[in-house]
Amino acid sequence: WRVVLFGVAGLLLVGGGLYTTIIVRLAEARAVGEPQYVLGVMSGLGAAGGAALGSLSVRSERDARQAERARDNFELLNSIIRHDVLNSMMIVQSRAEFIEEQAEDDRVREFAATVLTQTSGVVDQVERTRAILQALRTNRPRLEATDLRATLEREVEAARETYDRVVVDLDLPEGPLHVRADDLLGDVVGNVVSNAVEHNDDAEPHVEVSATVEGPGGDEVVELRIADDGPGIDDELKDAVFRRDGTGLHEDSTGSGFGLFFVDTMMGKYGGTVRVEDDEPRGSVFVLRFAAADPAAESGQSVADAVEVPA
């Protein structure tokens, strides 16, 4: 019915306009050549154009409803999975704690402690996933002065513990190093560091993490550089790696494509930027630019109030 109404509206609009023009010309005693033919053709075109617009309107509304239903179904599924996983982890944790307390064998207690550590990690990951999904849905996240130094030290240490052969150097300036971000800053930095290690084909991957503060007082920009000595990224892929479907930077096509998409999305929400450069003699450098923050002056603000960081 909407398509029909749009078609009729187009017919009346174009046909009415043309008919009015003919009436005016006749009233002025001016010649009108074949008005019926012109009126018919233009009215038909108006009806066709209106019907096309109506079809587009119906289709866009239908797609919007389908997207909303898909989002609601995804959120329901995500909620159910989180609920079931957390409940299962609680049961495993309670049994592992009992075993750890009651076991007389040291090796059994060691295994129970390992189970507790791993289940705690799963619970933390589930909660972090919930926070990430919430952040991706929010257009105006609450930003505050976040300690980049502490975040980098924590993520670098985690990388050293996770990857046995990796060498990670950390070079930070003296003094406080705060940026406008939220509690997902560690996930943003951690994704870039992990990417630098996982896509490195060197026997002993080397990653250098450094930061500098630029700009005059009050408008400082903190530039974070994460460089690796891997195979590098081709120029035609430097932008594509940040897209949601940018899976597989290299021939092995490893990676889900979500990590760097998440980094790019969150940097945009922080009012910052991220880009890829070539490193010398080989490798890549991920450059993240944040707005510097003063903990004493900021109590938390939305991204709409934040100063956009120049690229």
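See the structure shown above.
The rules we used
Residues numbered from 1 in each chain as written. Predicted model: local features only at pLDDT ≥ 70, side-chain atom pairs only at ≥ 80, totals over all residues. Heavy atoms only, no water. Helix = DSSP H or I, 4+ residues; strand = E, 2+ residues; numbered from the N terminus. Buried < 20%, exposed > 50% of the residue type's maximum accessible area, 1.4 Å probe, protein only. Areas by Shrake-Rupley, 256 points an atom, 1.4 Å probe, with all protein chains shown as cover. Expected span 1.5 Å × (residues − 1). Arc of directions from axis to C-beta. Contact = heavy atoms within 4.5 Å. Polar contact = N/O pair within 3.5 Å; in protein donor to acceptor, adjacent residues only side chain to side chain. Core = buried A, V, L, I, M, F, W, Y, C linked by side-chain atoms within 4.5 Å. Pairing = 2+ DSSP bridges. Axes fitted to C-alpha atoms, helices over the stretch in contact; angles between N-to-C directions.

### A few points about the overall build of the chain
Then comes step 1: Looking only at helices and strands, the chain has six helices and eight strands in total.
Then comes step 2: The order of α-helices and β-strands along the chain, N terminus first, is α-α-α-β-α-β-β-α-β-β-α-β-β-β.
Then comes step 3: A total of 311 residues make up the chain; the buried ones form 33% of that total.
Then comes step 4: Counting only carbon and sulfur atoms, one obtains 54% of the accessible surface of the chain, whose full area is about 18,500 Å².

### Regarding helix 4 (residues 148–162)
Then comes step 1: A rise of 1.5 Å per residue sets the reference length of helix 4, with its 15 residues, at 21 Å; its end C-alpha atoms lie 21 Å apart and thus fit the reference within 8%.
Then comes step 2: If you check which residues of helix 4 are buried, you get L148, T151, L152, E155, V156 and A159. Down the axis of helix 4, the sector holding all buried residues measures 125°, keeping them to one side.
Then comes step 3: Packing partners of the buried residues in helix 4 comprise strand 1 (142–147), strand 2 (167–171), strand 3 (178–181), helix 5 (185–198), strand 4 (206–214) and strand 5 (221–228).
Then comes step 4: The N-capping residue of helix 4, defined by a side-chain oxygen 3.1 Å from the backbone nitrogen of R149, is D147.

### Considering the environment of P205
Then comes step 1: You can see P205 is positioned in the loop between helix 5 and strand 4.
Then comes step 2: Relative accessible area serves as the criterion here: at 8%, P205 is assigned to the buried category.
Then comes step 3: Along the sequence, P205 and Y163 sit 42 residues apart, while their C-alpha atoms lie 9.4 Å from each other.
Then comes step 4: Leaving out residues up to four positions away in the same chain, P205 has contacts with R165, V166, V167, N200 and D229.

### Things to note about the nonpolar core
Then comes step 1: Grouped together as the largest cluster of nonpolar side chains are 42 residues, with contacts concentrated most on L224, Y270 and L288.
Then comes step 2: In terms of residue count, the dominant contributor to this core is helix 5 (seven residues).
Then comes step 3: Excluding anything up to four places from it in sequence, L224 contacts L152, V189, V209, S210, A211, F286, V287, L288 and F290.

### Description of the sheet that holds strand 5
Then comes step 1: If you trace the five strands from one edge of the open sheet to the other, you get 2-4-5-7-6, paired in mixed fashion. At either end of the open sheet lies a strand with only one pairing partner, and these are strand 2 and strand 6 (273–278). Neighbour-to-neighbour, the strand axes of this sheet turn through a mean angle of 15°, independent of strand direction.
Then comes step 2: Relative to strand 7 (residues 284–291), strand 6 runs antiparallel, the two being bridged by six bridges. Its bridge partner being in strand 7, D278 is matched across the sheet by S284.
Then comes step 3: Helix 4 rests against strand 2, strand 4 and strand 5 of the sheet, and its axis sits at about 165° to strand 2.
Then comes step 4: Lying over the sheet, helix 5 contacts strand 4, strand 5 and strand 7, oriented at roughly 25° with respect to strand 5.

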